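The chain contents come next:
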Amino acid sequence: PTTSPAAESSRSQVKRLNLQLKMYKYLICLSALFALTFVSADNIDKNAEIRSFQNTATDAEGNYQFSYETSNGIQQQEAGSLAGVRGSLNYVSPEGERISLSYTADEEGFHPTGDHLPTPPPVPAYVLRALEYIRSHPPQLKEEA
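Residues numbered from 1 in each chain as written. Predicted model: local features only at pLDDT ≥ 70, side-chain atom pairs only at ≥ 80, totals over all residues. Heavy atoms only, no water.

Named according to an unreviewed UniProt entry, the protein chain is Pupal cuticle protein Edg-78E originating from Ceratitis capitata.

Helix and strand counts for the protein chain come out as 2 helices and 6 strands. In the protein chain, the succession of helices and strands from N to C terminus is α-β-β-β-β-β-β-α. Looking at the 145 residues of the protein chain, the share that counts as buried comes to 22%. Within the protein chain, contacts between residues separated by at least 24 positions form 28% of all contacts whose residues are at least 6 apart in sequence. A total accessible area of about 11,100 Å² is found for the protein chain, and carbon and sulfur atoms account for 58% of it. (Helix = DSSP H or I, 4+ residues; strand = E, 2+ residues; numbered from the N terminus. Buried < 20%, exposed > 50% of the residue type's maximum accessible area, 1.4 Å probe, protein only. Contact = heavy atoms within 4.5 Å. Areas by Shrake-Rupley, 256 points an atom, 1.4 Å probe, with all protein chains shown as cover.)

Okay, the environment of Arg 86 next. Relative to the elements of secondary structure, Arg 86 occurs in strand β4 (residues 84-92). Residues Arg 86 and Ala 105, 19 residues apart in the sequence, show an inter-C-alpha distance of 6.6 Å. Not counting the four nearest positions on each side in its chain, Arg 86 is found in contact with Gln 77, Glu 78, Ala 79, Tyr 103 and Thr 104.

The next subject is the pattern of salt bridges. Under the definition given, this model contains 2 salt bridges. A salt bridge links Arg 51 to Glu 69, with the nearest nitrogen and oxygen atoms 3.9 Å apart. Of this pair, Arg 51 sits in strand β1 (residues 50-56) while Glu 69 is found in strand β2 (residues 64-70), placing the two residues 18 residues apart along the sequence. With a relative accessible area of 57%, Arg 51 lands in the exposed category. Two residues, Arg 135 and Glu 132, come together in a salt bridge whose shortest N-O distance is 2.6 Å. (Salt bridge = Lys/Arg side-chain N within 4 Å of Asp/Glu carboxyl O.)

In this section: the packing of aromatic side chains. Across all of its chains, the model carries 2 aromatic pairs by this definition. Look at Phe 66 and Tyr 68: their rings are 6.5 Å apart centre to centre, the planes differ by 5 degrees, and that puts the pair in the stacked class. According to the relative accessible area criterion, Tyr 68 is buried, its value standing at 11%. With centroids separated by 5.8 Å and ring planes inclined at 35 degrees, the aromatic side chains of Tyr 103 and Phe 110 adopt a geometry described as tilted. Tyr 103 gets classed as buried once you look at its relative accessible area, which sits at 3%. The partly exposed category is assigned to Phe 110, whose relative accessible area is 34%. (Phe/Tyr/Trp six-rings, centres within 6.5 Å; stacked < 30°, edge-to-face > 60°.)

Written out as structure tokens, the structure is:
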């Protein structure tokens, strides 16, 4: 069965709208993360000034990018398209530690990386041995008589 050009166009518009909705969701999450940075940083210079700001407005294909730097050491860069977002954020924590966060966001979700993020503990040896045993001894299905 063939589809009409109008139906194909409609499908492509729906796909594009779905991607745009995902991008807006990611942008809202990133904006919330950025806002939390400022809310929790009571020891940072509240009179900080913007040293540089660059913004490329969203084009017809949904591509954008921006970056800025403030006088109190906050820096952020981000670029995005309908396929996803990539960016980084650097600032000084309330404890005086330099925080560097890099991230991507795509149809698979938000993927932050940074030395300050918690990491899971290693899998205990006994769990690895148990998983290996299960893998090498699959359950046998019994046939009914």
